[in-house]
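Single-letter residue listing:
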Amino acid sequence: MDAAELELWDPASIEERLANGEPAITVFKDALNNAQQELDRLYRAGAEISPLITGRARFMDQLIKRAWQQFDWQHPEDIALLAVGGYGRGELHPHSDIDLLLLMRKDHGNANRQTLSAFFTFLWDINLEIGQSLRTISQCRDEAIKDITVTTSLMESRTIVGPDSLRDEMITVTQADDVWPAREFFTAKRDEQIARHKKYYDIDYALEPNVKTSPGGLRDIQTIGWIAKRHYDADTLQDLVELGFLQPYEYEQLRRGEALLWKLRYGLHLLAGRKEDRLLFDKQRDLASMFGYEDDKKSLAVEKLMQEYYRAVAMLRVLNDVLLQHFDEVILRASEKAEITKINSRFQIRNNYIEVCNDNVFQKFPFALMEIFVLMAQNPEIKGVRASTIRLIREYRTLIDDKFRNDIRNTSLFMELMRSPHDLTAQLRRMARYGVLGRYLPEFGAITGKMQHDLFHIYTVDAHTLQVVENMKRFRQPEAEENFPIAAHIAHRLPKIELLYIAGLYHDIAKGRGGDHSTLGMVDANEFCQRHHLSAWDAKLVSWLIGKHLLMSMTAQRKDISDPEVIHDFALEVGDKLHLDYLYALTVADINATNPTLWNAWRASLLRQLYLSTKKALRRGLENPIDRADRIKDKQESALLKLRDKGIDDKMVQSIWQNTDDEYFVRESAANIVWHTESIARHLKEHPDQTTLVLVQDTADTLAEGATHIFIYTVNRSYLFASSAAAMEQLGLNIQDARIFTSSKNYCMNTYSVLEGDGTPIGDNPRRIKEIKQLLSEYLAEPSAHLRVAKKRQSRKLQHFGQQIETDLINRDGQNWSTLEVNCIDKPGILAGIGKVFAEQSIQLLNARIATLGERVEDLFFIADANDQPITDEAQINRLKEALQQELSL
């Protein structure tokens, strides 16, 4: 079916109804609605998209032409109605703007003013979304000179009604050499695209892309068309095949990519009932269903749809790059003197761009498909690849098969690239764009364009993977010494940095296959190492890193790393300092490449403390852990000496410490013990009748560096945690960690590590500290009266991802507490609500690990029943879970 076969306009019916005296507005509205209903029916039935888009434009021509005929026009030989912009190209989506230009040979003053107003009013009355302009031919030229967007809009114009000679005259004067000469036109359009891409951070894998204006979108295709039309007078992209700028197979790729984007855009307009070009989360899900995708064990329907989209726009970006570079060479650099430097018998550098010495290089020497990227990594002066050579790479990439992958020349070249000191990730990204990396490493090809439908991962798996390797490379840059001091120190001392890069390349390689991606990735990585002739020890290290790549972040964020047993267990998993160094570097690179908002001073301090504590444990020897009693004694003696220096007598210290239990001394640092004890002593001396103390202080101890400590000392009572959390949330503070100590004498010494809403500590801000102390004291004076946090309107994204609340209670042998895990969308009042449930069900909170990952919280609470025992009764567990579900759903 093509547009000509779509009979959407029924002239006989229109004329009959108008002749019978029906109101013209009703007749035209009905015609418009009937046509759109038929187009929508065909779309939902899976009809080819191109005839629908061009068919709607053809129908609109007929409708507007007939509407024009309803009015009497003065000097009709001097006026014409033109379609411009996208409508001028003959493309109309359901709610695209219908841009019209009333073109006049000369200004006849008020001759048609009333008629023109009535005509456009009629079009608006029948619900057409029109954009209109009124210009003479000379005015068109003036506007085109001032604004290149006017020039491109006029280039694509078509005459709907009136003498076509008017348009011919307008084109002649607006496309003259002195109106945006070819060189200036190309430069302006290229710069316009660069600026547009920058608005999207130059990424084509945004979670909610714009199918029209995002990199790789429809506007990129249109940019190529505009340049081709301006310089070569090419009416269609197919003309570029005849001109030798596009190969027939590339044109087919371009056409298929455009068709997918058209299909998505049509669907977006249909679902929204208005102009909408953004692939928002809720629309992605609806379109996936409309396109027939279904969820399965490996991936969601929406992930399959978006993978098709990402792969299409990646391909379109490559074609766009190739064509723009071709135009650059032909339009801008045709007159440049060629400076050629020969590299070897296969490659040379022409004006800083690498190219093959002849078109048969890849056919005769397939290993050159790998060699070219190694040469670029070894020669930083090379700016890129010549367009003709990019095309040859894409043409001969099919030579990459199992024989190619196992050829010692190619495996050696790839390892040479991995060891390259310059631009490793730039070359890996080039290899990915040109389709080489996904063929050489088929497992990488499988994750290309694969998204993860959540608010935690903001990149596709392949983009995230290459960013991890990029982060690893940055650890060796001078600026890393300030931003990532430990990682920078490690990166310069690793014996084989390429093993870290390989681990980065493979750590998520098995995402989307079902099963444990870490375990499956170990198999792939081991096969890679064997194929690339790495030693058995190297292969074992890389595989271990992939299997354990989540271990360090999970331990730091979900376990109490002030507990020596946690450090000892982690050290046993790591085994030695070399494994610890590699794992730390991989972990930091991974977190920073997942979502930039996740990395803050608090998370950095957790990983740093875990690294340093483990390093110390390894140095001491895994078979010689510090005894618990010795650790308590050592801290108390150290703290006592410092407190004496501060003028606090031993009797006062011992009276305060009598209200604590051993667990406090195990988990708190000596510096905090001194701070707490001194503050309590002075408070009791100055306010003997006040049992509640609130302290606020930025901390420099290694555990919580980068956060602010809020310390609360008070007599235990119901709803204490709930009201404390409510107060902090009311203050806009984000709780990162909570250490809850309730002694056998019913005293609480609770420490909260908090950050402001922007991820920074409170700092030296007396007014803010006073505000925090006052509100907390107010809430703690009557805890049960302050449990609710003011509700805030949820963002559109959070509403889309729903309100699923997951709770799990875990009991482990030998532990006298239970671990409660709560996963849900982040929103105000969560911690206060959980604390309220604990109080109502007589559950003791012993400790808490608070983790917000993107827009989702994954909190751990270490709890016991009223008798200080784990919660094992099934009925009680069910009551707890039901209460949490109910409270957190409010």
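Everything that follows concerns the structure shown earlier in this document.
Residues numbered from 1 in each chain as written. Predicted model: local features only at pLDDT ≥ 70, side-chain atom pairs only at ≥ 80, totals over all residues. Heavy atoms only, no water.

K.L.:
Just checking my understanding: could you explain the side chain of D508 for this structure?
P.N.:
If you trace the backbone, D508 turns up in the loop between α26 (497-506) and α27 (517-531). When residues no more than four places from it in sequence are discounted, the contact partners of D508 are I447, V461, H464, T465, H517 and H549. (Helix = DSSP H or I, 4+ residues; strand = E, 2+ residues; numbered from the N terminus. Contact = heavy atoms within 4.5 Å.)

K.L.:
Help me understand the packing of helix α9 (residues 182-199) against helix α10 (residues 218-232), please; the structure alone is not making it clear to me.
P.N.:
The axes of two packed helices give the description: the angle between them and the distance between them. Direction vectors running N to C along α9 and α10 enclose 175°, while the axes themselves pass 10 Å from each other. Taken together, the axis directions place α9 and α10 in an arrangement best described as roughly antiparallel. Note on element contacts: α10 touches α9 through R219, D220, T223, W226, I227, R230 and H231, opposite A182, F185, F186, K189, E192, Q193, R196 and H197. Looking at the contact of α9 with α10 residue by residue, the classes come out as five nonpolar, four polar and six charged. (Axes fitted to C-alpha atoms, helices over the stretch in contact; angles between N-to-C directions. Parallel < 35°, antiparallel > 145°, perpendicular 65-115°, else oblique. Nonpolar A, V, L, I, M, F, W, Y, C, P; charged D, E, K, R; others polar.)

K.L.:
Which parts of the structure should I look at to understand the pairing of strand β13 (residues 806-810)?
P.N.:
Residues in a regular strand point their side chains to alternate faces of the sheet. By the alternation rule, side chains of β13 split into T807 and L809, which are all buried, and E806, D808 and I810, of which none is buried. Both β13 and strand β14 (residues 818-825) contribute to a ladder of five bridges, which runs antiparallel. Directly across from E806, in β14, lies its bridge partner N823. (Buried < 20%, exposed > 50% of the residue type's maximum accessible area, 1.4 Å probe, protein only. Pairing = 2+ DSSP bridges.)

K.L.:
Is there a simple way to think about the packing of helix α23 (residues 461-474) against α26 in this case?
P.N.:
Two elements in contact, α23 and α26, have axes separated by 8 Å at closest approach and are oriented at 160°. Taken as axis vectors, α23 and α26 run roughly antiparallel relative to one another. In this structure, α23 meets α26 at a crossing whose hand is right-handed. Contact residues: α23 offers T465, L466, V468, V469, M472 and K473, while α26 offers L500, Y501, G504 and L505. For the contact of α23 with α26, the residue count by class is seven nonpolar, two polar and one charged. (Left-handed = near helix turned anticlockwise from the far one by under 90°.)

K.L.:
Is there a simple way to think about the packing of aromatic side chains in this case?
P.N.:
We describe a pair of aromatic rings using the distance from one ring centre to the other and the angle between the two ring planes. For the structure on display, the rule yields 32 aromatic pairs. Clustering of aromatic rings is evident, with ring pairs tying together W9, F28, F59, W68, F71, W73, F119, F120 and F122. In this arrangement the basic side chain of R158 is found over the ring face of Y87, its NZ or CZ atom lying 5.3 Å from the centre. (Phe/Tyr/Trp six-rings, centres within 6.5 Å; stacked < 30°, edge-to-face > 60°. Lys NZ or Arg CZ within 6 Å of the ring centre and 35° of its normal.)

K.L.:
Just to check I follow, could you spell out the environment of S412 for this structure?
P.N.:
With respect to the helices and strands, the residue S412 is situated in helix α19 (residues 408-418). C-alpha separation for the pair S412 and E371, spaced 41 residues apart in sequence, amounts to 9.9 Å.

K.L.:
Whenever I open this one, the layout of surface pockets confuses me. Can you help?
P.N.:
Any empty space left between atoms is shown by rolling a water-sized probe over those atoms. The computed volume of the second largest pocket comes to approximately 1,700 Å³. Taken together, 48 residues line the second largest pocket, and the ones lying closest to its centre are D204, R317, V318, D321 and R433. Counting residues per element, the ones that place at least two in the lining of the second largest pocket are α9, α14 (301-332), β8 (384-385), α20 (424-433), α21 (437-440), α22 (442-447) and α23. A per-element tally of the lining of the second largest pocket places α14 first, with 11 residues. (1 Å grid on protein atoms, 1.4 Å probe; cavity = no way out; pocket = protein on both sides within 12 Å on 5 of 7 lines; lining within 4 Å. Points joined across faces, edges and corners; volume = space filled by probe spheres on them.)

K.L.:
When you look at helix α12 (residues 248-272) in this model, what are you seeing that I'm missing?
P.N.:
Here α12 contains 25 residues, and its C-alpha end-to-end distance of 36 Å stays within 8% of the 36 Å for a straight helix at 1.5 Å per residue. Downstream of α12 by one or two residues, G273 has phi in the positive range, about 70°. (Expected span 1.5 Å × (residues − 1).)

K.L.:
Got a minute to help me understand the pattern of salt bridges in this structure?
P.N.:
Where side chains of opposite charge bring their charged atoms close, a pairing between them can arise. A full pass over the atoms with the stated rule returns 50 salt bridges. For D277, the salt bridge identified is with R265, shortest N-O distance 2.8 Å. On the criterion of sequence distance, the pair formed by D277 in the loop between α12 and α13 (281-290) and R265 in helix α12 is long-range, its members being 12 residues apart. For R265, a relative accessible area of 8% corresponds to the buried category. A salt bridge links E771 to R768; its shortest N-O distance comes to 2.9 Å. Placement of the pair is E771 and R768 together in helix α38 (residues 766-781), with a separation of three residues, close to one helical turn. A single salt-bridge network, built from bridges that share partners, covers E329, R350, E355 and R386. (Salt bridge = Lys/Arg side-chain N within 4 Å of Asp/Glu carboxyl O.)

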